[in-house]
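Overview (structure and organization)
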Amino acid sequence: MGPAGPFFMEIRMFSFLKDRREFWLFWGAWMAFALLLIVKIKFDVPVAMKDWPRLIAALQSDAFEDVVGDLLTGLIAAYFFYVLIDLWPRHKNEAKALRILNLLIASVIQAYEKRHFFAHTMAITQADEKILTKERIDAFLEEVKERPDYAKLKCALFTAHSRFSDFRQTLAIASPLGADRALQWLVITDKVRLFVDEYENHPESDTYRPSQVFYNDIVDLDQDHKDFIRYFSDMTGYRDSLRICFYELLEQANRWVAPEAFMAEQPGTVDVNDIIEPGISPAD
């Protein structure tokens, strides 16, 4: 973690308020504190209550102040020790666990972004978590859908293949984050598996290479030769398979990064026709 790491961890310290239970406990403690101030300060009686002398006398009595004041003080103290002993350490541990999982996802996406063929050899700590924003992932989704780059997809595949065992073994880290987060991690792991399944499906050829299909490496190339046409078809089909698998992985990464944006949506499968265009031939 860089020098700014602890700072951002402090900024995220109130993220626990997203949990409905913690939200009400937090504001309940503040309400108890406000009531304690009212009981101890003994504000002037409102004019509207002047006609209730017995009620006023009871509320201003030392017995009422002692009983209610001690009760409120106990509630506030209980919440304070709950935060100190349970909530804060748990929140810190969850933040550390989330960082580990984020680094795994970021390593695959960063390999794609930077077109880094040896990203799979880098330490996981060299991945950049900042890449995991909804805006960045939406941009990658658009690029994969409209302008797929075979080399970038292969870079992501190499890293996903190298990290797949890590994805499978980190469910125990995701589980303390909650049932919903653990379920989403299972979905992401499954999408990584489907992506990695394409690792061995690369079309082989002793004559042709991918650059001749995707990058205009056509010097001394007979594009009308039947063997090249077959290789071209196999390679474009393989590229589209990579594109679909990586697109689905990015979609699930988006749900991981910004779960609140997808709360109203039901998980579904990607329509292949929305991602790939009809097949083309080398003559086109």
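Figured I'd write up the structure that's included with this text.

1. Some thoughts on the packing of aromatic side chains
Per the counting criterion, the structure on display carries 19 aromatic pairs. Centroid distance tyrosine 112 to phenylalanine 246: 4.9 Å. Interplanar angle 40 degrees. Geometry classified as tilted. Taken together, the residues span a long stretch of sequence, with tyrosine 112 in helix H4 (residues 62–114) and phenylalanine 246 in helix H10 (residues 226–257) at a distance of 134 residues. Grouped by ring-pair contacts, the aromatic residues Phe23, Trp24, Phe26 and Trp27 constitute a single cluster. Over the aromatic face of tryptophan 256 sits the side chain of arginine 181, whose NZ or CZ is 4.1 Å from the ring centroid.

2. Section: the environment of serine 165
Structurally, the position occupied by serine 165 is in helix H6 (residues 150–169). Taking the relative accessible area as the measure of exposure, serine 165 reaches 29% and is therefore partly exposed. Taking C-alpha positions, serine 165 is 9.6 Å from threonine 189, a pair spaced 24 residues apart along the chain.

3. Looking at the packing of helix H8 (residues 179–196) against H10
The interhelical angle for the contact between H8 and H10, taken along N-to-C directions, is 165 degrees, at an axis separation of 9 Å. Classified by the angle their axes make, H8 and H10 are roughly antiparallel. Of the two possible hands of crossing, H8 and H10 adopt the one that is left-handed. Listed contacts from H10 to Arg181, Gln184, Trp185, Val187, Ile188, Lys191, Val192, Leu194 and Phe195 of H8 are Leu242, Cys245, Phe246, Glu248, Leu249, Gln252, Arg255 and Trp256. Here the residues of the contact of H8 with H10 sort into 11 nonpolar, two polar and four charged.

4. Some thoughts on the nonpolar core
Residues Ile105, Trp185, Phe195 and Phe246 are the most contacted members of the largest nonpolar core, which totals 45 residues. Secondary-structure elements contributing two or more residues to this core are H4, helix H5 (134–146), H6, H8, helix H9 (210–214) and H10. In terms of residues, this core owes the most to one element, H10, which gives 13 residues. With residues near it in sequence (within four places) discarded, isoleucine 105 still touches Leu132, Phe167, Trp185, Ile188, Ala253 and Trp256.

5. Here we look at a nonpolar patch on the surface
Together, Phe23, Trp24, Trp27, Trp30, Phe33, Leu37 and Ile41 make up a nonpolar patch on the protein surface, roughly 740 Å² of accessible area in all. As for its placement among the helices and strands, tryptophan 30 is situated in helix H2 (residues 20–41).

6. Focus: the pattern of salt bridges
Under the defined criterion, the tally for this structure stands at 14 salt bridges. Residue glutamate 129 is joined to arginine 99 by a salt bridge in which the shortest nitrogen-to-oxygen separation is 3.4 Å. Highlighted residues: glutamate 129 in the loop between H4 and H5 and arginine 99 in helix H4, separated in sequence by 30 residues. Overall, glutamate 129 belongs to the partly exposed group, its relative accessible area being 30%. By relative accessible area, arginine 99 is classed as partly exposed at 23%. Note that arginine 115 and aspartate 149 form a salt bridge whose closest N and O atoms lie 3.9 Å from each other. One end of the pair, arginine 115, is in the loop between H4 and H5; the other, aspartate 149, is in the loop between H5 and H6, and 34 residues separate them in sequence. Residue class for aspartate 149 comes out buried when judged on its relative accessible area of 17%.

7. Some thoughts on unusual backbone geometry
Despite not being glycine, arginine 115 shows a phi value in the positive range, around 55 degrees. Taking relative accessible area as the criterion, arginine 115 reaches 39% and is therefore assigned partly exposed.

8. Section: the environment of valine 39
Considering the arrangement of structural elements, one finds valine 39 in helix H2. Of the residues examined, valine 39 reaches a relative accessible area of 13% and is grouped as buried. It is 7.7 Å that separates the C-alpha atoms of valine 39 and valine 68, two residues lying 29 residues apart in sequence. Leaving out residues up to four positions away in the same chain, valine 39 has contacts with Phe64, Glu65, Val68, Gly69 and Leu72.

Criteria and cut-off values
- Residues numbered from 1 in each chain as written.
- Predicted model: local features only at pLDDT ≥ 70, side-chain atom pairs only at ≥ 80, totals over all residues.
- Heavy atoms only, no water.
- Phe/Tyr/Trp six-rings, centres within 6.5 Å; stacked < 30°, edge-to-face > 60°.
- Helix = DSSP H or I, 4+ residues; strand = E, 2+ residues; numbered from the N terminus.
- Lys NZ or Arg CZ within 6 Å of the ring centre and 35° of its normal.
- Buried < 20%, exposed > 50% of the residue type's maximum accessible area, 1.4 Å probe, protein only.
- Axes fitted to C-alpha atoms, helices over the stretch in contact; angles between N-to-C directions.
- Parallel < 35°, antiparallel > 145°, perpendicular 65-115°, else oblique.
- Left-handed = near helix turned anticlockwise from the far one by under 90°.
- Contact = heavy atoms within 4.5 Å.
- Nonpolar A, V, L, I, M, F, W, Y, C, P; charged D, E, K, R; others polar.
- Core = buried A, V, L, I, M, F, W, Y, C linked by side-chain atoms within 4.5 Å.
- Patch = residues over 30% accessible without salt bridge, like charges linked within 9 Å, V, L, I, M, F, W, Y side chains within 5 Å.
- Areas by Shrake-Rupley, 256 points an atom, 1.4 Å probe, with all protein chains shown as cover.
- Salt bridge = Lys/Arg side-chain N within 4 Å of Asp/Glu carboxyl O.

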